[in-house]
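# Structure assessment
These are the residues of each chain, in order.
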Amino acid sequence: MIRSILILFLAVLSFAGLRGQNLGFQLAGGKKKVHIPIEIHNNLVVVPVVLNDALPLKFILDTGVRTTILTQKTFTDILNLPYSRKYTISGPGGVNLVDAYVTNNVSLELPGVSGRGHAMLVLGQDYLELRNYLGTDVHGILGYELFSRFIIQIDYEKRMLTLMLPEKFHKSRKYQSIPITIEDTKPYVNATVVFQNGKTLKAKLLMDSGASHGLMLEPSSDSNIQVPANAVSSLIGRGLGGEIVGKVGRIESISVGNFKLEKAIANFPDPNSYSDSIKVGNVFRNGAIGGEILSRFVVVFNFPSERVYLKKNSAYKKNFYYNLSGITLKAKGSQLTTFEVMEVRDKSPSKASGILPGDIILTLNGIPAQSLDLNMMNGLLNSKPGKRVRVELSRNGERLKMDFELRDPI
């Protein structure tokens, strides 16, 4: 299953005082352009970052955050970095308190890019468990401070990030230019959403590279947003406040510029299920476009000129599927090759076969789990409707075999 991990830090980053000091991202050696190999995990862009010239880490590149975030305080403690401020952040309903710290004058180095004098938000604990839910070592999130400095091209297919100086950038004719607005450091685009009942919404959507879902729509933002009748209830993501629940359904289409994607999957979060809001400060929105849609393009973000440039890639016409097996997995262990079932959706093929939360998958279609990573495992469990899946698992020390057929729930 492709999990929609919504990385929702907007409420956190609205606190005063989270500003970088003497921000200084620069391309090394006077270059005009640098290319950085990236990893793609669950539609999220993961880049290599060296913290304070000492620790090689991996950060998610996220258009939805203002200030750099480190998810594990252990690393700043190792470097003996001082903290200038402590915040206690509450999740939905005032519960699930989260401690966070601010450290200043941090250096962040990417291949061919230097950055000095940054402020960084450090979470007291790894509340998001990005490493486990992405199945790879991920230590933080990098956002606006990079996008505001450079023109940034993300080539999901070639797994390449390109950073360019704004004054040296020239748009290729192969790309369609689409206007965006940068509000509260985040990019918003206008899109047309057509629902299954025929209603149309002119939507204002956050372009969120740090969310792995395709489309999120907030029902309370507009009366035209109707949850499809055949939508399924599901865990749709994780935020600082905990699990995010809601409905998942199929819309008729979404159009951005001249691009039109048919039968896309949309998440409809339940009210008060997460700490993000349809209105943060003075910014109103109807929802967000995430990586499942963005990854169907080569995307160029031009924050200084408030434009985004899109070009189709080979995934553009790929069908949208949602969790054909009904299983949510978590990677555990030092090598992230122990795969625990965290959730089994009601009325799903895996539920009918007898799989339960807490089961450990040992083999999938005869392939030992140790030979797979979480991306591969989710890919096999979400390949196409009608495909049969054979699972061998461990439950309380007993080895069990299950067999089921992948089915489109919506």
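This structure is a prediction, so every number in the text was calculated from the model and none was measured.

What follows concerns the overall build of the protein. Assigned secondary structure in the protein consists of six helices and 35 strands. Counting every atom, the protein has about 16,500 Å² of accessible surface; 48% of that belongs to carbon and sulfur.

In this structure, the second largest pocket occupies an estimated 180 Å³ of space. Around the second largest pocket, the lining comprises 13 residues; the ones closest to its centre are Glu-262, Lys-317, Lys-318, Asn-319 and Phe-320. If one sorts the elements of the lining of the second largest pocket by residue count, strand S23 (residues 259-262) sits on top with three residues. Along the lines of polarity and charge, the residues of the lining of the second largest pocket split into four nonpolar, one polar and eight charged.

Taking strand neighbours across the sheet as the criterion, the six strands line up as S2-S14-S13-S28-S29-S15 in an open arrangement whose pairing is antiparallel. Looking along the sheet, the strands with just one partner apiece sit at the ends: strand S2 (33-37) and strand S15 (176-179). Averaged over neighbouring strand pairs, the angle between their axes works out to 20° when direction is ignored. Alignment of strand S28 (residues 297-302) against strand S29 (residues 307-312), held across six bridges, turns out to be antiparallel. Its bridge partner being in S29, Val-299 is matched across the sheet by Leu-310.

Attention now goes to the side chain of Asp-359. Turning to its location among the elements, Asp-359 is positioned in the loop between helix H5 (349-353) and strand S32 (360-364). Engagement of the side chain of Asp-359 in a polar contact is seen with the backbone nitrogen of Leu-356, the distance being 2.8 Å. At a separation of 2.8 Å, a polar atom in the side chain of Asp-359 contacts the side chain of Arg-395. With near-sequence residues (within four places) excluded, Asp-359 lies in contact with Phe-339, Glu-340, Val-341, Leu-393, Ser-394 and Arg-395.

Enumeration according to the criterion identifies nine aromatic pairs in this entry. Look at Phe-169 and Tyr-309: their rings are 5.4 Å apart centre to centre, the planes differ by 35°, and that puts the pair in the tilted class. Highlighted residues: Phe-169 in the loop between strand S14 (160-164) and S15 and Tyr-309 in strand S29, separated in sequence by 140 residues. The pair Phe-169 / Tyr-309 is uniform in exposure class, with both members buried. Ring centres of Phe-259 and Phe-297 lie 5.0 Å apart, and the angle between their planes is 70°; this geometry places the pair in the edge-to-face category. Within this pair, whereas Phe-259 is found in strand S23, its partner Phe-297 is found in strand S28, the two being separated by 38 residues in sequence. An aromatic cluster is defined as three or more aromatic residues linked by ring pairs; in this entry it consists of Tyr-144, Phe-147, Phe-301 and Phe-303. In this structure, Lys-73 packs its charged tip against the face of Tyr-101, placed 5.1 Å from the ring centre.

What follows covers unusual backbone geometry. Positive phi is not limited to glycine here, since Asn-52 has a value of about 50°. Looking at the secondary structure, you find Asn-52 in the loop between strand S4 (44-51) and strand S5 (55-61). In the Ramachandran plot, Glu-306 falls in the positive-phi region, its phi being about 50° despite a non-glycine side chain. Looking at where Glu-306 falls in the secondary structure, it is placed in the loop between S28 and S29.

Here we take up the nonpolar core. Counting residues in hydrophobic clusters, the biggest one holds 73 residues, and the most contacted among them are Leu-163 and Ile-254. Sequence-distant contacts of Ile-254, that is, excluding residues within four places in its chain, are made with Ala-191, Thr-192, Val-193, Leu-205, Leu-215, Phe-259, Lys-260, Leu-261, Ala-264, Ile-289 and Ile-293. Residues Ile-327, Ala-331, Met-377 and Met-402 belong to the second largest nonpolar core, which totals 23 residues.

Turning our eyes to something else, we now look at the pairing of strand S31 (residues 338-344). In summary, the side chains of a regular strand alternate between the two faces of the sheet. A large share of S31 lies buried, amounting to five of its seven residues. Sheet analysis places strand S30 (residues 327-332) next to S31, joined by six bridges and oriented antiparallel. Looking at the pairing, Ile-327 lines up with Val-344 of S31. What sits between S30 and S31 in their antiparallel hairpin is a turn of five residues, with Gly-333 showing a positive phi close to 90°. As defined by bridge partners, S31 adjoins S32 across two bridges and the pair is classed as antiparallel. Across the sheet, Glu-340 pairs through a bridge with Ile-360, a residue of S32.

Moving on: the side chain of Thr-136. Mapped onto the elements, Thr-136 comes out in the loop between helix H2 (130-134) and strand S12 (140-142). Judged by relative accessible area, Thr-136 falls into the buried class, the value being 9%. Not counting residues within four places of it along the chain, the set of residues in contact with Thr-136 comprises Glu-39, His-41, Lys-58, Leu-130, Arg-131 and Leu-336.

This paragraph deals with the confidence of the model for the protein. Here the protein averages 89 in pLDDT, and 89% of its residues register 70 or above. Low pLDDT (under 50) marks residues 1-22, which in the prediction has 98 contacts with non-local residues, meaning those over four places away or in another chain. Per-residue pLDDT stays below 50 along residues 275-280; that stretch engages in 16 contacts with residues further than four places along the chain or on separate chains.

What counts as what
Residues numbered from 1 in each chain as written. Predicted model: local features only at pLDDT ≥ 70, side-chain atom pairs only at ≥ 80, totals over all residues. Heavy atoms only, no water. Helix = DSSP H or I, 4+ residues; strand = E, 2+ residues; numbered from the N terminus. Areas by Shrake-Rupley, 256 points an atom, 1.4 Å probe, with all protein chains shown as cover. 1 Å grid on protein atoms, 1.4 Å probe; cavity = no way out; pocket = protein on both sides within 12 Å on 5 of 7 lines; lining within 4 Å. Points joined across faces, edges and corners; volume = space filled by probe spheres on them. Nonpolar A, V, L, I, M, F, W, Y, C, P; charged D, E, K, R; others polar. Pairing = 2+ DSSP bridges. Axes fitted to C-alpha atoms, helices over the stretch in contact; angles between N-to-C directions. Polar contact = N/O pair within 3.5 Å; in protein donor to acceptor, adjacent residues only side chain to side chain. Contact = heavy atoms within 4.5 Å. Phe/Tyr/Trp six-rings, centres within 6.5 Å; stacked < 30°, edge-to-face > 60°. Buried < 20%, exposed > 50% of the residue type's maximum accessible area, 1.4 Å probe, protein only. Lys NZ or Arg CZ within 6 Å of the ring centre and 35° of its normal. Core = buried A, V, L, I, M, F, W, Y, C linked by side-chain atoms within 4.5 Å. pLDDT = per-residue confidence, 0-100.

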